[in-house]
Every structure is written in structure tokens, then in C-alpha cells.
Amino acid sequence: MAAPIESLLNEICESEDPIEELKSLRTAVLATPVSGLRQAVSGARLEIIFGLLNTNDKEQIEVCVEILSRVLQALEPVQLSQNYKTALQSGLNHPNDSVKLLALTQAIAALSKLSNTKAGLDVLFHSDLLNKLKDVMLTSDIIRYRVYELIVEVSRVSPVSLGYCANSGLISQMLEELTGDDVLVRATAIEMVTNLAQSQHGRQYLAQQGIMDKISNMIIAAESDPFSSLYLPGLVKFFGSLAIMDSPQQVCEKYPVFLEVVFSMAMNLDPTLTPVALDTLGVLGNTVEGKQVLQKTGEKFTSVLKRISKVVADGATELRVRCLEALAHLLTLPVEQQTDDLLLLTESWFNCLSSQPMLMIRNISTQPFPELYCCALRIFTAIGCQPWAQQLMMDTPGFVEWLMDRSVGTGKEAKDCKFEVVGALLSSSSAREIFGGHNYLKLKTYLNEGPYYVNAVSSVITEGAD
């Protein structure tokens, strides 16, 4: 494909009105793997396309931006910053927003990879690029967000790069957006701050700036804000992410309003807020420490489990799926994490769901919704290696036979999910004793045959039969 691209670039150079040639080039570069573009666009030939951005023709600008967006992906960050630094800086001053976004996007891609080197940091902070970024932020909200995205990406690389970004004043400016009057801007700022918190040095910086306390206070104030549903999910995701990366116990004890609002969101069944609460509970409950934190809340969490059970039984399909996914995380307890106390905990949670939770989950799997079938099987996978659950399965009439019936659940995902249940059962040393030698061998055979095994059926045609 290198030759056709080279040929098209020659035609573009020779044309006074190259829009058709540009469209052909766009088609060619989009059809070429990124790895194949490196040789095709090497050298100064790319400057031709940059030069064609200097026009009032919106269609030509649009096509050039599409070409450059694809082609620049093929360049190494060092090559991009060294050879096209001037072109990208000019792009930041272009009157067309799509060109500004192109320049910013490439800056994000290059500088986030170079910002762990002094050379990369110098490009961003010891040149006029920083001032250009500050100027271009005034263009529109979208551009401003992309600059924040660039700064966050650079800050996450190392404590040194974070220091450069903090000294620029742009992080402080972003943090001020958290409490701005525009709730949509606030929601975007929360997302940026959550991304910054993905690094340990980022979390330390945010803690030093008092941002955790500020977000906690925002959650408290959200109760009286009629527009809080636009940004409250982001606040909850922030603390959920923080809890997993640091310590569920420390975060929940220091910021008790976090867990309180998660419980409230789960109980109120708001279509915007409840899914976030369920995801957060699943993430917390997937860890031993998170399970212990939830258990300490006593009746509060028990009430949430009962509400989840009610939704699982008769809620909307999408919400039922989210509830089942959350339950699978909450009930997961790998063999290596099992203790008597934790096994009692997961058993008590499971028994909170219904007077006959095993039948409840199995009945869900018989409904004509593939997503529910697989989610129900994931519950069985989550508890499959736990002795109390194995005993329940054994005591449930027909359960083992249903599990090994390959005619039930015929899609690929369904077969995979059922195979995972069998694998979970056999991962525990208690399986042989609980299920007995006969069933244990049948389960082993199922596992050895794989998820897609089909029993051979022989048919005999009798002469004279209809």
C-alpha cells in the first residue's frame, strides 16, 4: 500500500484543487494497517497534508484531519515531537476546532509517553507550548477538557512530571472546576480527578490538596442539589476506585458518607444512580477487606441484599443483570482466601436472598434471556468452590443433572459459563466428598471433554419406516 499512498501524495502536490485526491488518500490510509503507514509516510511528505490545513474550505480541513489522525498514530512519540512540533503548535492556533483537537490529541499521545524523560518535560514546560495550551483552552469547553486530559496523562507518569504540571497552575485550575456552577463541567472535572488518582503519587497530591475531603463534602451537599444525579455517580466512582487502590476499610472509615450514599443509591432504584451503586458494591465486595467492611454495617447491608434480591426476581432485565453481576462479585471467595469466618459470611449473604436462594438463581437461568442465564451461572461459579454451596447444590434435587445436561444453554457464552461452574466445583478439595465418587467422576469427565463437547447420536433407519 506504500506505493499507492506515495503516488497519491504526488498527485496532491501537483493539483490546484486536491480534494478528490485527498479523499482517495483518506481511503488508502484508513485501509492500511498502522504498522504499514510508517514507511509510506516517512520523511517530510506529511508536511504536504499539514500545509493543506491552511484553507477556509471546511471539507478539505475535515479530510486532512482524518488523514493526519490516522497517519500520526504510526509515528513514534520522539519522531512526532521532533519532526512535527511546529506543525502541531500551529494546529493549536488554527481557527477550526477539529484541527485544535487533532493537535491536542497528538500532544496527549506523544507527551504522555515522553513525560518520564527530561527531554519530554522540557518540550512541554520549557517552551511556549504551555502558554499555547493555556490560550487554546479559552476556545471552547471541549478544548479545555482535552488540555486537562493532557495534563492528567502527563501527571500520572511520575512524581516529577506531576510536579511540573502542578507548577504550571493547570492542575489547580482543573481542581477548581470541581465546585463550579456548571454541573456538567463538575462531572467532567470529577472524571479527570479520578484518572489522576490512578497513580499513587497522584493520590498523595490530591490528599495534600484536601481533595478527598472536598469530594466527601460534595457528596453530603448533593442530597439537597436537584441536579446531583449528573455528578454524584462520578463522586461515588472516585471513592470506589480509591478504596480498591488503597484500602476499603480506611476509605470507608474516614469517609463514612461514601458507603451511606452507595447504600441509599442501591435502595432507591434510580435508573441513573443504582447501576453505579451496584458496580461499586461489586468492586468492594470482591475483596476480603471489602467484604468485612460491608459485613460490619450489619442490617444496613442486609437490607441492600434483600432489595437486590427483589430486583433480581422481578426487576427490569438490564437492572437484574447488574444485580446478578454485583452478587457474583460479593459472593466470590477463592479457595486460597477461605476461612471459617469468611465462609460463614458468604453463606449468610446468600441465604439473605431468599428462603430458597439456590432455586431462585436456578429459576432465573431457565428464563428466555441469555444474559440472565449466564449471570445466574456466574453466581454458581462464584460460590462453586465453597463447601456450604456445594452441599446446597447436592441437596437440591436435579441440580447436578441439570448442570451436566449439555442440551441446556446452547450458545457459546452459555457453554463457557456452565463449564466455568464445573471448573469451580472441582477446584475445591471438598467436591469429591460432598458430591460422592459417582458424581465427581461425571463432573471430571465433563471438564475433560471441554465446554463444546457434543454427544454422538447414532440413528438406525429401519426398512419400510416412515
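Details of the structure are given in the entry above.
Residues numbered from 1 in each chain as written. Predicted model: local features only at pLDDT ≥ 70, side-chain atom pairs only at ≥ 80, totals over all residues. Heavy atoms only, no water.

Novice: Please provide a residue-by-residue account of the overall build of the chain, values included.
Specialist: Broken down by element type, the chain carries 30 helices and zero strands. On the principal axes, the C-alpha backbone points of the chain span a range of 80 × 75 × 40 Å. Across the 466 residues in the chain, those meeting the buried criterion constitute 50%. Long-range contacts, defined as pairs at least 24 residues apart, comprise 68% of the intrachain contacts of the chain with a sequence gap of at least 6. Element-wise, carbon and sulfur atoms account for 51% of the exposed surface of the chain, whose accessible area totals about 22000 Å². (Helix = DSSP H or I, 4+ residues; strand = E, 2+ residues; numbered from the N terminus. Buried < 20%, exposed > 50% of the residue type's maximum accessible area, 1.4 Å probe, protein only. Contact = heavy atoms within 4.5 Å. Areas by Shrake-Rupley, 256 points an atom, 1.4 Å probe, with all protein chains shown as cover.)

Novice: Would you mind going over the nonpolar core in detail, with residue names and values included?
Specialist: In terms of nonpolar packing, the biggest core is built from 152 residues, with Leu206 and Phe380 touching the most fellow members. The residues contacting Phe380, other than those within four sequence positions of it, are Met358, Ile361, Arg362, Met393, Phe399, Trp402 and Val421. (Core = buried A, V, L, I, M, F, W, Y, C linked by side-chain atoms within 4.5 Å.)

Novice: Residues and numbers for the pattern of salt bridges, please.
Specialist: With the rule as written, the count across this model stands at 13 salt bridges. Of the charged contacts in the structure, one is a salt bridge between Glu177 and Arg144, with a shortest N-O distance of 2.9 Å. Of this pair, Glu177 sits in the loop between α13 (170–176) and α14 (183–196) while Arg144 sits in helix α11 (residues 141–157); the two residues are 33 residues apart in sequence, bridging distant segments of the chain. Considered together, Glu177 and Arg144 belong to a single accessibility category, that of buried residues. Between Arg406 and Glu449 there is a salt bridge whose closest N-O contact spans 3.4 Å. Residue Arg406 is found in the loop between α28 (399–403) and α29 (412–426), and its partner Glu449 is found in helix α30 (residues 431–449); the two are separated by 43 residues along the sequence. You can call Arg406 buried: its relative accessible area is 14%. For Glu449, a relative accessible area of 33% corresponds to the partly exposed category. Members of the salt-bridge network, linked through shared partners, are Asp141, Arg144 and Glu177. (Salt bridge = Lys/Arg side-chain N within 4 Å of Asp/Glu carboxyl O.)

Novice: Can you lay out the packing of helix α24 (residues 340–352) against helix α27 (residues 387–395) for me, pointing to particular residues and giving the numbers?
Specialist: Where α24 contacts α27, the axes come no closer than 9 Å and their chain directions differ by 40 degrees. Judged by the angle between their axes, α24 and α27 are oblique. Residues Leu343, Thr346, Glu347 and Phe350 of α24 form the contact with α27, whose own contacting residues are Pro387, Trp388 and Leu392. Its residues assigned to classes, the contact of α24 with α27 comprises five nonpolar, one polar and one charged. (Axes fitted to C-alpha atoms, helices over the stretch in contact; angles between N-to-C directions. Parallel < 35°, antiparallel > 145°, perpendicular 65-115°, else oblique. Nonpolar A, V, L, I, M, F, W, Y, C, P; charged D, E, K, R; others polar.)

Novice: Got a sec to walk through the side chain of Thr396? Specific residues and values, please.
Specialist: Considering the arrangement of structural elements, one finds Thr396 in the loop between α27 and α28. Take Thr396: its relative accessible area is 11%, and that puts it in the buried class. Within the structure, Thr396 has its side chain in polar contact with the backbone oxygen of Leu392 (distance 2.7 Å). Once residues within four sequence positions are removed from consideration, Thr396 is found in contact with Met358, Leu359 and Arg362. (Polar contact = N/O pair within 3.5 Å; in protein donor to acceptor, adjacent residues only side chain to side chain.)

Novice: Describe the packing of α27 against α30, naming the residues involved and giving the relevant values.
Specialist: Direction vectors running N to C along α27 and α30 enclose 35 degrees, while the axes themselves pass 9 Å from each other. The residues of α30 that touch α27, namely those facing Pro387, Gln390, Gln391, Met393 and Met394, are Ala431, Ile434, Phe435 and Asn439. Residues of the contact of α27 with α30, tallied by class, amount to six nonpolar, three polar and no charged.

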